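These are the residues of each chain, in order.
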Amino acid sequence: MASITTSPIFISTDQIHSTLTHKTLIQHFSTSLPSVSPTITSPIRQSHPLSPSSSSSSLLLMPCWSSSPSLPYVGVKLVTHFPQNSALNLPGIHASYVLFSSTNGQTLASMDGTVLTLYRTACVSGLASQILAREDCKVLVMVGAGGLAPHLIKAHLAARPGLEKVVIWNRTMKKAVDLAEILRLEIDHVRFECAHDLEEVIGLGDIVSCATNAEMPLVKGKKLKVGAHLDLVGSFKHTMRECDDEAIRRGRVFVDNEAALEEAGELVGAFERGVIGRGDVAGKLVELINGEKIGRKNNEEITVFKSVGSGVVDLLTAKLVYETCINHKD
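A. Here's a closer look at the overall build of the chain. For the chain, the helix and strand inventory stands at 11 helices and 15 strands. For the C-alpha atoms alone, the extent of the chain along its principal axes is close to 70 × 50 × 45 Å. Of all 330 residues assigned to the chain, the portion counted as buried reaches 52%. Excluding contacts between residues fewer than 6 apart, the proportion of contacts in the chain whose partners are at least 24 apart in sequence is 69%. Carbon and sulfur atoms provide 54% of the accessible area of the chain, an area that totals close to 15,300 Å². Averaging the coordinates of the 32 positive side-chain charges in the chain and doing the same for the 34 negative ones gives two points 2 Å apart.

In structure tokens:
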């Protein structure tokens, strides 16, 4: 019998934008994560310095594959980290995602891994706020105005369509102003404002979403309003912290996956200082989706969701993009 060779396709950044919406990806995660998560192998990411004399530039490899017939794929995200690129006015991180068949190993597609990561990161947070934030949320405070911020805002708006106002804060005020102006042109049913003083506006947030590289806490727990939902995205190593211990102490803490307990500076530090114990973490995202863990118990409770990302959601996002493109092609 003649074998069938599949020609790999390249999925452009524009195609990803036209294929994905934050609402559909949140729904995709909600329906797919519980069933496929047990079938997926996602090894610890590999990081390689690119210069023997300097550890500043690095290459990261993030493989992931599934044994489920409903997810017949192998995916690898390839990431370069060049922190010195700011001097060149270029992003410090670039990524590509390659998708293979787990049936025969053929290369199926390659796509922009940076944009893929922005969508999946934001939609994990959106799904968490759909489960954990109060149903009567009106105000979102966005801490940070980098590349992830507009995606987080749109994901939270998709998850909580009752939101009426978004307040954006950034260390560089101009970035917050520029982002607000862009979003006003795209979204007309929400008010967008900028804040000079973060501590003054934290208490307004029904949802407070953070996407920064902060190493000193930005969000003070004593400023969080009763019933707030705190979404922490930025930290991915022990030296990084977007909130202080009081925020962790006041809230019921949930995580996207087990890796957050080892990687997130807010949690690792809180464990070391005895603020909370590992056993005090109330649950993981899949457990919340499945109803194995209880989310918000009442409107007065503060909830905290910390995510560090995983190859699982990369693979699920790539699957949705690839299969949508193939179906449209046919």
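Having seen the model, we can carry on.
B. Layout of the pairing of strand S11 (residues 207-210). What you see with S11 is no split at all: Ile207 and Ser209 on one side and Val208 and Cys210 on the other are buried throughout. Sheet topology note: the S11/strand S12 (residues 229-232) ladder contains four bridges and is parallel. Each bridged residue has a counterpart across the sheet, and for isoleucine 207 the counterpart in S12 is histidine 229.

C. Here's a closer look at the pairing of S12. Side chains His229 and Asp231 project from S12 onto one buried face, and the interleaved Leu230 and Leu232 project onto a second face that is buried too. Pairing of S12 with strand S15 (residues 303-306), which is carried by four bridges, proceeds in the parallel orientation. Opposite histidine 229, over in S15, you have threonine 303 as the bridge partner.

D. Structural detail: the pattern of salt bridges. For the structure shown, the criterion picks out 18 salt bridges. Aspartate 136 is the salt-bridge partner of arginine 134, the closest N and O atoms lying 2.8 Å from each other. Note on aspartate 136: relative accessible area 38%, which makes it partly exposed. With a closest N to O distance of 3.6 Å, lysine 138 and glutamate 164 form a salt bridge. Linking lysine 138 in the loop between helix H3 (113-132) and strand S8 (139-143) with glutamate 164 in the loop between helix H4 (149-159) and strand S9 (165-169), this pair joins segments that are 26 residues apart in sequence. Among the residues examined, lysine 138 registers a relative accessible area of 37% and is labelled partly exposed. Each of Lys77, Arg120 and Asp314 takes part in salt bridges that share partners, so that together they form one network.

E. Representation of the nonpolar core within the structure. Residues Phe29, Met111, Ile153 and Ile168 are the most contacted members of the largest nonpolar core, which totals 65 residues. Those residues within four positions of methionine 111 in sequence are excluded, and the remaining contacts are Ile11, Ile16, Ser96, Tyr97, Leu116, Ala318 and Val321. Membership of the second largest hydrophobic core comes to 33 residues, among which are Val167, Ile202, Phe271 and Ile302.

F. Spatial organisation of the side chain of arginine 252. As for its position among the elements, arginine 252 is in strand S13 (residues 252-255). Of the polar contacts made by the side chain of arginine 252, one reaches the side chain of glutamate 301; its length is 3.3 Å.

G. View of the side chain of arginine 120. Tracing the sequence through the fold places arginine 120 in helix H3. Excluding residues that lie within four positions of it along the chain, arginine 120 makes contacts with Leu25, Phe29, Lys77, Gly309, Ser310, Val313, Asp314 and Thr317.

H. Region of the structure containing the environment of phenylalanine 254. Mapping phenylalanine 254 onto the fold places it in strand S13. Looking at phenylalanine 254, the relative accessible area reads 0%, which means it is buried. Each C-alpha atom of the pair phenylalanine 254 and alanine 282 lies 5.4 Å from the other, and the pair is 28 residues apart in sequence. Residue contacts for phenylalanine 254: discarding those within four places in its chain leaves Leu132, Ala282, Gly283, Leu288, Ile294, Gly295, Thr303, Val304, Phe305 and Lys306.

I. Just helix H9 (residues 265-272), in detail. Burial analysis of H9 places seven of its eight residues in the buried class, which makes it a mostly covered element. Among all positions in H9, only Gly265, Glu266, Leu267, Val268, Gly269, Ala270 and Phe271 are buried.

J. Region of interest: the packing of H4 against helix H5 (residues 173-186). Two elements in contact, H4 and H5, have axes separated by 11 Å at closest approach and are oriented at 40 degrees. As summarised for this structure, H4 and H5 are arranged oblique, according to the angle between their axes. Seen along the crossing, H4 lies across H5 with a hand that is right-handed. Mapping the contact onto sequence places Ala149, Pro150, Ile153 and Lys154 in H4 and Leu179, Leu183 and Glu186 in H5. Partitioned by chemical class, the residues of the contact of H4 with H5 number five nonpolar, no polar and two charged.

K. Inspection of the sheet that holds strand S14 (residues 283-284) at higher detail. Strands sit in the order S10-S9-S8-S11-S12-S15-S13-S14 across an open sheet of eight strands; the sheet is parallel. On the outer flanks of this sheet lie strand S10 (191-194) and S14, each paired with one strand and no other. Alignment of S13 against S15, held across four bridges, turns out to be parallel. Across the sheet, residue phenylalanine 254 finds its bridge partner in S15, namely phenylalanine 305. The strands touched by H4 are S8, S9, S10, S11 and S12; relative to S8, the strand with the most contacts, the crossing angle is about 160 degrees.

The rules we used
- Residues numbered from 1 in each chain as written.
- Predicted model: local features only at pLDDT ≥ 70, side-chain atom pairs only at ≥ 80, totals over all residues.
- Heavy atoms only, no water.
- Helix = DSSP H or I, 4+ residues; strand = E, 2+ residues; numbered from the N terminus.
- Buried < 20%, exposed > 50% of the residue type's maximum accessible area, 1.4 Å probe, protein only.
- Contact = heavy atoms within 4.5 Å.
- Areas by Shrake-Rupley, 256 points an atom, 1.4 Å probe, with all protein chains shown as cover.
- Lys, Arg positive; Asp, Glu negative; His and termini not counted.
- Charge placed at Lys NZ, Arg CZ, Asp CG, Glu CD.
- Pairing = 2+ DSSP bridges.
- Salt bridge = Lys/Arg side-chain N within 4 Å of Asp/Glu carboxyl O.
- Core = buried A, V, L, I, M, F, W, Y, C linked by side-chain atoms within 4.5 Å.
- Polar contact = N/O pair within 3.5 Å; in protein donor to acceptor, adjacent residues only side chain to side chain.
- Axes fitted to C-alpha atoms, helices over the stretch in contact; angles between N-to-C directions.
- Parallel < 35°, antiparallel > 145°, perpendicular 65-115°, else oblique.
- Left-handed = near helix turned anticlockwise from the far one by under 90°.
- Nonpolar A, V, L, I, M, F, W, Y, C, P; charged D, E, K, R; others polar.

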